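One-letter residues, chain by chain:
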Amino acid sequence: MARRVSCRPVSVRLLSVLLVVALAPVAGAAGDPLTPWLQARVREHIAFFASPPPATTDAPATAGVSSLWRERPAGYTGLPRFTPPTSLAPLIRAVEAGVVNITTVGPGAVAGAVKRSTGSGFVLTPDGLVVTNNHVVANAQGPAVYPSGSGVTPGKDGPREVPVQQVSVRLADGREFPADVVGRDASTDVALLRLNGAGLGTLPAVFLGDSDALEVGDWVVAIGNPFGLDHSVAHGMISAKERVLGVGQFDDFIQTDALINPGNSGGPLFNMKGEVIGVNTAIISEGQGIGFAVPINLVKDLLPNLRENGKLERGWLGVVINEDGADATATAPVVKDVYRGSPAAQAHIRPGDRLVAVNGRPIGSYLQLLRKVALLAPGTEAKLTLLRDGGTQEVAVRLVARPAQEATEGLSNRGGSSANDLGLVLRDLTPEVAAPLGYESFLGALVSGVLPRSPAEQAGLRAGDVVMEVNRRRVKDTAGVKAALERGSAGASILLRVQRGDALQYIAIAR
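Residues numbered from 1 in each chain as written. Predicted model: local features only at pLDDT ≥ 70, side-chain atom pairs only at ≥ 80, totals over all residues. Heavy atoms only, no water.

## Here's the deal with the overall build of the chain
Argument step 1. Check the secondary structure of the chain and you find 12 helices and 31 strands.
Argument step 2. Relative to its full complement of 511 residues, the chain shows a buried share of 42%.
Argument step 3. Sequence-distant contacts in the chain: of pairs separated by 6 or more residues, those separated by 24 or more amount to 58%.
Argument step 4. Of the accessible surface of the chain, which amounts to about 26,300 Å², a share of 53% is contributed by carbon and sulfur atoms. (Helix = DSSP H or I, 4+ residues; strand = E, 2+ residues; numbered from the N terminus. Buried < 20%, exposed > 50% of the residue type's maximum accessible area, 1.4 Å probe, protein only. Contact = heavy atoms within 4.5 Å. Areas by Shrake-Rupley, 256 points an atom, 1.4 Å probe, with all protein chains shown as cover.)

## Some details on the sheet that holds strand S22 (residues 361-362)
Argument step 1. On the basis of which strands lie adjacent, the open sheet formed by four strands has the order S22-S21-S23-S24 and antiparallel pairing. With partners counted over all chains shown, the strands left at the sheet margins are S22 and strand S24 (391-398), one partner each.
Argument step 2. Note that strand S23 (residues 381-388) and S24 share eight bridges and pair antiparallel. Pairing of Leu386 across the sheet is with Gln393, part of S24. (Pairing = 2+ DSSP bridges.)

## Describing helix H12 (residues 478-487)
Argument step 1. Within the span of H12, buried status applies to Thr478, Val481, Ala484 and Leu485. End-on, the buried residues of H12 take up no more than an arc of 125°, which puts them together on one face. In H12, those exposed residues whose orientation departs by more than 90 degrees from the buried face are Glu486 and Arg487. (Arc of directions from axis to C-beta.)

## A word on the packing of aromatic side chains
Each pair of aromatic rings is reported with the distance of its centres and the angle of its planes.
Argument step 1. Using the criterion set out here, one finds two aromatic pairs in the structure.
Argument step 2. Centroid distance Trp316 to Tyr339: 5.4 Å. Interplanar angle 35°. Geometry classified as tilted. With a gap of 23 residues between them, Trp316 in strand S18 (residues 315-316) and Tyr339 in the loop between strand S20 (335-338) and helix H6 (343-346) connect regions that are remote in the sequence. Exposure class is identical for Trp316 and Tyr339. Each is buried. (Phe/Tyr/Trp six-rings, centres within 6.5 Å; stacked < 30°, edge-to-face > 60°.)

## Considerations on helix H5 (residues 296-309)
Argument step 1. Look at H5: 20 Å from first C-alpha to last across 14 residues, which is about the 20 Å you get at 1.5 Å a residue.
Argument step 2. The largest bend in H5 comes to about 35°, at Leu302, with the proline Pro304 one to four residues further on.
Argument step 3. Of all the residues in H5, the buried ones are Ile296, Asn297, Leu298, Val299, Asp301, Leu302, Leu303, Asn305 and Leu306.
Argument step 4. Gly310 sits one or two residues past H5 and shows a positive phi near 80°. (Expected span 1.5 Å × (residues − 1). Bend = angle between axes of the 7 residues up to and from the residue.)

## Here we look at the pattern of salt bridges
Argument step 1. Applying the stated criterion across every chain yields a total of 11 salt bridges.
Argument step 2. Asp301 is the salt-bridge partner of Arg361, the closest N and O atoms lying 3.2 Å from each other. Note that Arg361 is positioned in strand S22 and Asp301 in helix H5, a separation of 60 residues in sequence.
Argument step 3. Accessibility expressed as a relative area gives 16% for Asp301, which makes it buried.
Argument step 4. With its nearest N and O atoms 3.7 Å apart, the salt bridge here joins Lys311 to Glu313. (Salt bridge = Lys/Arg side-chain N within 4 Å of Asp/Glu carboxyl O.)

## Some words on the environment of Met237
Argument step 1. Summarising the element assignment, Met237 is placed in strand S13 (residues 232-243).
Argument step 2. Sequence spacing of Met237 and Thr256 is 19 residues, and the spatial spacing of their C-alpha atoms is 5.7 Å.
Argument step 3. Setting aside residues no more than four positions away along its own chain, Met237 makes contact with Gly217, Asp218, Trp219, Val220, Gln255, Thr256 and Asp257.

## With respect to the nonpolar core
Argument step 1. Core analysis: the biggest nonpolar cluster contains 30 residues, and Val131, Phe270 and Val299 have the highest contact counts within it.
Argument step 2. Put simply, the parts of the chain that give this core at least two residues each are helix H2 (34-50), helix H3 (89-95), strand S5 (129-132), strand S10 (190-195), strand S12 (219-224), strand S16 (275-283), strand S17 (291-295) and H5.
Argument step 3. Tallying contributions element by element places H5 first for this core, with six residues.
Argument step 4. In this structure Phe270 touches Val95, Val99, Val206, Trp219, Val220, Val221, Ile223, Glu275, Val276 and Ile277, once residues within four positions along its chain are discounted.
Argument step 5. Ile321, Ile349, Leu386 and Leu399 belong to the second-largest nonpolar core, a separate cluster that totals 20 residues. (Core = buried A, V, L, I, M, F, W, Y, C linked by side-chain atoms within 4.5 Å.)

## Digging into the environment of Ala484
Argument step 1. Tracing the backbone shows Ala484 in helix H12.
Argument step 2. Between the C-alpha atom of Ala484 and that of Arg473, which follows or precedes it by 11 residues, the distance is 7.1 Å.
Argument step 3. Those residues in contact with Ala484 that sit more than four places away from it in its chain are Val470, Arg473 and Val475.

## A few points about the side chain of Thr188
Argument step 1. Within the secondary structure, Thr188 is located in the loop between strand S9 (176-185) and S10.
Argument step 2. In this structure the side chain of Thr188 is engaged in a polar contact, spanning 2.8 Å, whose partner is the side chain of Asp185. (Polar contact = N/O pair within 3.5 Å; in protein donor to acceptor, adjacent residues only side chain to side chain.)

Have a look at this one:
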C-alpha cells in the first residue's frame, strides 16, 4: 500500500520562497517591461498557495460506467501547484525589438543570376553583433565569380567578379543595415554577423538564458520571418531535449511544437523570462508541430571561437574515453587512456578519472564531452571537474588544436619509438607518396605529422618536411631514421638535415 504524504509543508515553503522573490529588489528592474508581468505571475502563485486546499482535492475519484474509467469529483478545481499561462503579450512586446529579418543575395545556379533568400536572427550586442543560422548566409559569402564562356562578359584576364549584395539585416523599427559574416560553422549551423553603418551602439540586444535548465513542458515563444511574414509569433512548449537528427557530432537539438517554418531559421526561441534559450534551425517536412532549435548554451561556447577565428577551430583535450558497456552514453565518461604530451597529460589527468563537468557544466556522456571541448578554441583554458578515488578534483587544462589523425595515432602508440618521443610522425616516401609531392622515391622520411608541444614542434619541424639525415647519417626511410636515432646518446641533442620545398636546412632538436 502506498504511503500518503501531505504536501502542505512543501506548499508553505514554496509560498515563503515566492514571497521573497516578490519582495526582493530586482537588479536592473527599473524600466524593464517584463517586471510587472512577472510580478503579476508571482502574485497569482502566491494567491494559489496561500488559499486553503479545496476540500475535493483528496476526495475519491468517481467511477465511470462499469468502472472502465475514472472521473474527477464534482467541484474539482484543478491540479495542485499548476497555474495555466495567461497572455504572452507583455513578454512579446519586451523582446520582439531584438529579433531581426535577414535577406541574403548570392550567386545563382545559372550564370548571371542571383539567389535571394530570407531568414531570421537576433541582436546579440548593442554594437551590432547578430546571431543566425549558417544556412541562412551560406549563399552570400562574397562576389560571384563567373568563368569565361559562362555567358558573362569576362575581364581582360579571364574570370570576372560580379559584385552582389551579401547580407541585409532589418530591425523591428524598420532600420536596415548591411552586414558582414564574422564567422560561421556548418556543423552547428550557427553564424555570427556584424552590422555596418550609423546608429550602432544602442541596438536592442536580447538576453541569453540557460538551455540546460529547460524541462520538457516548459512554455516557449518563437519569433521570426516565416515565408516573409514580418515578426510572426508562435508559442508552444519544449517537446524533448537532446534530439539526435543524424547531421553530425553536434546533434543536441531542442524539440518544440512552436510553429517553425521556412524563414524562421536563425530566429530566437524565448523562455517565459524573455531569454533566448535556442536558435530555431530545422523542421521535419513530413510533420507539423515538430521543430528543432540549437541550444543556446552550445551557441555560447561557439561564439568566442567564431568571433576570433571566423570558423570552428576545435580544441583538443587528448584523452581516450571508455565507451564499453551499456551505460557508456548515460554516465559521466571515464578516461581510458591519455595521449602523451597532450593537454590532459600536462594537467595530470590519468586513466580511471571520471570527467563530470567542463567549466562548471555537467556532462553525462562521451558525446557531451566531445561537444563541449571541440567548441572551445585552441588556447582556451578550461576547468575540468573529475572524480578520482572517491573525491572531486578540479584541474585547469589549456586546450590545443586537434592534431591530424596520423599524429594522434602516433601519440597513442604507448610502446613508442624514438621518433615518436621527439614528436615526429613519419611516413616512407614510396612512389605513390613522393610523386604528388614532387620528390624522388625514398629520398628520405616524410614528416606527416608533428605532435603538439613536442620537441620537434618546438624546434620548428612541420608536416611536409623530408628528413634526409640524422646526426650526419644519410637516411632513406622511416626505418633508417629510427635506427639512426637509436644509435644516438640518451639525452643528447639530435641534428636533422631537412628538405623543405626547394631548401635544405639543418634543425637541432633538444631531447
